[in-house]
Amino acid sequence: MAVPSSLKLIVFTLLIHLGSFYQGKSQFAFSSYYFSENVNQANRLGEKEIFPNKVGVIMAGFNYWFRLKNFRTEFYPGIQYSHSLFPSEYKIKENGILIETPVHFYPFDFKNDCNCPTFGKEGSLFNKGFFLKLTTMHKWNNRKFEQADSIKSSNYLFYFGLGAGLEIPIGKLWSVLPSISYLSNTNDFIESSKKHEFNRQGIQFGISTLYRYDYRKNYRRR
């Protein structure tokens, strides 16, 4: 997969920062997603259907965590790798690298200056753990048509999404965050004799495991 130099620079910079965070100041998460993606049927060339009506997309990667000081607005910038699950008869291979910027808003615990895990907050699990999720994703896509090499398609896709989730503590240093989101893309295209633009949208199911590395020292002192 050919990766643009600009993306290499972004990824390299993020890796440097993530490496420095790991040295003792970080909270980071490992994330995985399944995206059930509907493809608008403007993706036909003549009578030929290029894509199926639905495509499954699996994603996996890691995120860094930080938040506002006095309000429970939390940021999870991260890097993901994706693989699309096309039915075998379509002869399409599609993989991508994504930079995502999820933001979590905790509406029932919004004005909270406690920079501590969910398990350290007073109240019910739902009140302190429920969040609304705003997501943007930048995807550098690599798509190959095995039976139609002459077809060109978009190499960059932008997604916007809204969703909700729940932060569930499973220990002093770990939390699990299941979530569900609606994602939409509007800038995909395929081009042969003429250009066909179409949108892709659907439901994304995700789960992240958040590790609070920087809290370890607090528990060692007790």
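As the structure is a computational prediction, the values presented were derived from the model and not from experiment.

## Topic: the overall build of the protein chain
Each helix and strand counted, the protein chain has three helices and 15 strands in total. Partitioning the intrachain contacts of the protein chain with sequence separation of at least 6 by distance along the chain shows that 68% fall at a separation of at least 24. Working note: accessible area of the protein chain is about 11,700 Å², and carbon and sulfur atoms make up 59% of it.

## Considering the packing of aromatic side chains
The final tally for this structure, using the stated rule, is 11 aromatic pairs. Aromatic pair phenylalanine 126 and phenylalanine 130: ring centres 4.9 Å apart, planes at 25°, arrangement stacked. Exposure remark for phenylalanine 130: the relative accessible area of 18% places this residue in the buried category. Here a set of aromatic residues connected by ring pairs shows up, and it is made of Phe51, Phe86 and Phe145. If you follow arginine 72 out to its NZ or CZ, it ends over the ring of tyrosine 106, 3.6 Å from the centre.

## With respect to the pairing of strand β10 (residues 130-145)
Counting buried residues in β10 gives 12 out of 16 residues, a clear majority hidden from the surface. Bridging between strand β8 (residues 92-100) and β10 involves nine bridges; their strand directions are antiparallel. Its bridge partner being in β10, lysine 93 is matched across the sheet by lysine 144. Bridging between strand β9 (residues 103-105) and β10 involves three bridges; their strand directions are antiparallel. Of the residues in β10, the one forming a bridge with phenylalanine 105 is leucine 132. Sheet topology places β10 next to strand β12 (residues 156-166); 11 bridges connect them, and they run antiparallel. In the strand pairing of β12, lysine 139 is matched with leucine 157.

## A word on unusual backbone geometry
Even without a glycine there, the phi angle at lysine 91 is positive, about 55°. Looking at where lysine 91 falls in the secondary structure, it is placed in the loop between β7 (78-85) and β8.

## What to know about the pattern of salt bridges
All chains considered together, the criterion is met by eight salt bridges. Glutamate 74 serves as the salt-bridge partner of arginine 72, at 3.3 Å between the closest nitrogen and oxygen. The pair arginine 72 / glutamate 74 is uniform in exposure class, with both members buried. One salt bridge in this structure joins glutamate 94 and arginine 200, with 3.2 Å as the shortest N-O distance. One end of the pair, glutamate 94, is in strand β8; the other, arginine 200, is in strand β15 (residues 195-211), with 106 residues separating them in the sequence. Take glutamate 94: its relative accessible area is 0%, and that puts it in the buried class.

## Description of the nonpolar core
In terms of nonpolar packing, the biggest core is built from 19 residues, with Ile50, Phe51, Met59, Met137, Phe145, Tyr159 and Ile190 touching the most fellow members. Among the secondary structure elements, those contributing two or more residues to this core are β1 (28-39), β4 (54-64), β8, β10, β12 and β14 (174-191). Membership of the second largest hydrophobic core comes to seven residues, among which are Tyr106, Phe131, Leu177 and Leu210.

## Some details on the environment of phenylalanine 108
For phenylalanine 108, the position within the fold is in the loop between β9 and α2 (125-129). By relative accessible area, phenylalanine 108 is classed as partly exposed at 48%. In this structure, the C-alpha to C-alpha distance between phenylalanine 108 and phenylalanine 131, residues 23 residues apart in sequence, is 8.3 Å. Non-local contacts of phenylalanine 108, meaning those with residues more than four positions away in its chain, are made with Phe126, Asn127 and Phe130.

## Thoughts on the confidence of the model for the protein chain
Chain-level pLDDT for the protein chain is 78 on average; 73% of the residues reach the 70-or-more range. Across residues 15-25 the pLDDT falls below 50, and counting only partners more than four positions away or on other chains, this stretch makes 12 contacts in the model.

## So, the pairing of β8
With seven of nine residues buried, β8 lies mostly within the body of the structure. In terms of strand pairing, β7 meets β8 through six bridges, oriented antiparallel. When the sheet's bridge partners are listed, isoleucine 79 is paired in β8 with isoleucine 99. Remark: six residues form the turn of the hairpin made by β7 and β8, two consecutive strands paired antiparallel; lysine 91 in that turn has positive phi of roughly 55°.

Criteria and thresholds
- Residues numbered from 1 in each chain as written.
- Predicted model: local features only at pLDDT ≥ 70, side-chain atom pairs only at ≥ 80, totals over all residues.
- Heavy atoms only, no water.
- Helix = DSSP H or I, 4+ residues; strand = E, 2+ residues; numbered from the N terminus.
- Contact = heavy atoms within 4.5 Å.
- Areas by Shrake-Rupley, 256 points an atom, 1.4 Å probe, with all protein chains shown as cover.
- Phe/Tyr/Trp six-rings, centres within 6.5 Å; stacked < 30°, edge-to-face > 60°.
- Buried < 20%, exposed > 50% of the residue type's maximum accessible area, 1.4 Å probe, protein only.
- Lys NZ or Arg CZ within 6 Å of the ring centre and 35° of its normal.
- Pairing = 2+ DSSP bridges.
- Salt bridge = Lys/Arg side-chain N within 4 Å of Asp/Glu carboxyl O.
- Core = buried A, V, L, I, M, F, W, Y, C linked by side-chain atoms within 4.5 Å.
- pLDDT = per-residue confidence, 0-100.

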